Amino acid sequence: MRGWRTYEEATTELSALPSEERLQTLLAEWTSEAELLSTDDVRRLFAEVWPVSGGSVPDHLPGLVRMLHWIAPVRDVETYLAGTLTVFRAADDHRGIRWSLDEPAASAEALQNTTGMFRATIAASDVLGHFTGDGRNEVLVDPEDLGSVERVSPS
């Protein structure tokens, strides 16, 4: 393993990798050398890596939920969620971590990719990550924390 000792070392190495390898590299490093970087450093790295590699990385990646529980909440922009949220997922299953707060966007994605669509609820305090900086309104959740999961038709 790399044994990153500083946030700067980690950023330099991660940015040199192809975007689709960054999240898996961060996860592997965290799994083996978690004590070398602070929680805040890992949170900052995740917030930088997720938007560029999140779409190309399976959200069932082993260890990802465990890492998110350790560093939560992760945000790319200082936004705060409150109450019970309704979340949407354009996929063939509801077991992944990637959900959206934007029903029309999830519906369009489901129609475009000819996948199913799910709706569920989750307490804002259980959201592990929230990404809005690039126009998305994506939340990362532990599928075990979801309530009222149902398959719905995209509109």
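This is a predicted model, so every value here is computed, not measured.

J.: Help me out: how do you make sense of unusual backbone geometry in this one?
T.: Glycine aside, the phi torsion of most residues is negative, and most peptide linkages are trans. A cis amide bond links A72 to the next residue, P73, at an omega of 0°. Within the element layout of this structure, P73 appears in the loop between helix 4 (64-71) and strand 1 (74-75). Phi angles above zero are rare outside glycine, and T114 is one such case at about 45°. As for its position among the elements, T114 is in the loop between helix 5 (103-113) and strand 4 (117-123). Exposure remark for T114: the relative accessible area of 68% places this residue in the exposed category. Residue S148 is not a glycine yet carries a positive backbone phi of 50°. Note on placement: S148 falls in strand 7 (residues 147-152). For S148, a relative accessible area of 57% translates into the label exposed.

J.: Looking at this structure, I do not really get helix 4. What am I missing?
T.: Residues spaced three or four apart along an α-helix face the same direction, because each turn holds 3.6 residues. Where helix 4 is concerned, the buried positions are L64, M67, L68 and I71. End-on, the buried residues of helix 4 take up no more than an arc of 100°, which puts them together on one face.

J.: So what exactly am I meant to see when it comes to helix 5 here?
T.: The complete set of buried residues in helix 5 reads A106, S107 and A110. Taken down its axis, helix 5 places every buried residue within 100° of arc, on the same side. The exposed set on the far side of helix 5, more than 90 degrees from its buried face, consists of P104 and Q112. In the core, the buried residues of helix 5 are packed alongside strand 2 (84-90), strand 3 (98-100) and strand 4. For helix 5, the N-terminal capping position is held by D102, with its side-chain oxygen 3.2 Å away from the main-chain nitrogen of A105.

J.: Could you clarify how one ought to interpret the packing of aromatic side chains in this entry?
T.: What characterises a pair of aromatic rings is the spacing of the ring centres plus the angle enclosed by the ring planes. Under the criterion given, the structure shown has 4 aromatic pairs. Relative to W70, the ring of W30 has its centre 5.6 Å away and its plane inclined at 50°; by these criteria the two rings are tilted. Of this pair, W30 sits in helix 2 (residues 19-33) while W70 sits in helix 4; the two residues are 40 residues apart in sequence, bridging distant segments of the chain. Residue class for W30 comes out buried when judged on its relative accessible area of 7%. Ring pairs connect the aromatic residues F46, W50 and F131, which therefore count as one cluster.

The rules behind these values
- Residues numbered from 1 in each chain as written.
- Predicted model: local features only at pLDDT ≥ 70, side-chain atom pairs only at ≥ 80, totals over all residues.
- Heavy atoms only, no water.
- Helix = DSSP H or I, 4+ residues; strand = E, 2+ residues; numbered from the N terminus.
- Buried < 20%, exposed > 50% of the residue type's maximum accessible area, 1.4 Å probe, protein only.
- Arc of directions from axis to C-beta.
- Contact = heavy atoms within 4.5 Å.
- Polar contact = N/O pair within 3.5 Å; in protein donor to acceptor, adjacent residues only side chain to side chain.
- Phe/Tyr/Trp six-rings, centres within 6.5 Å; stacked < 30°, edge-to-face > 60°.

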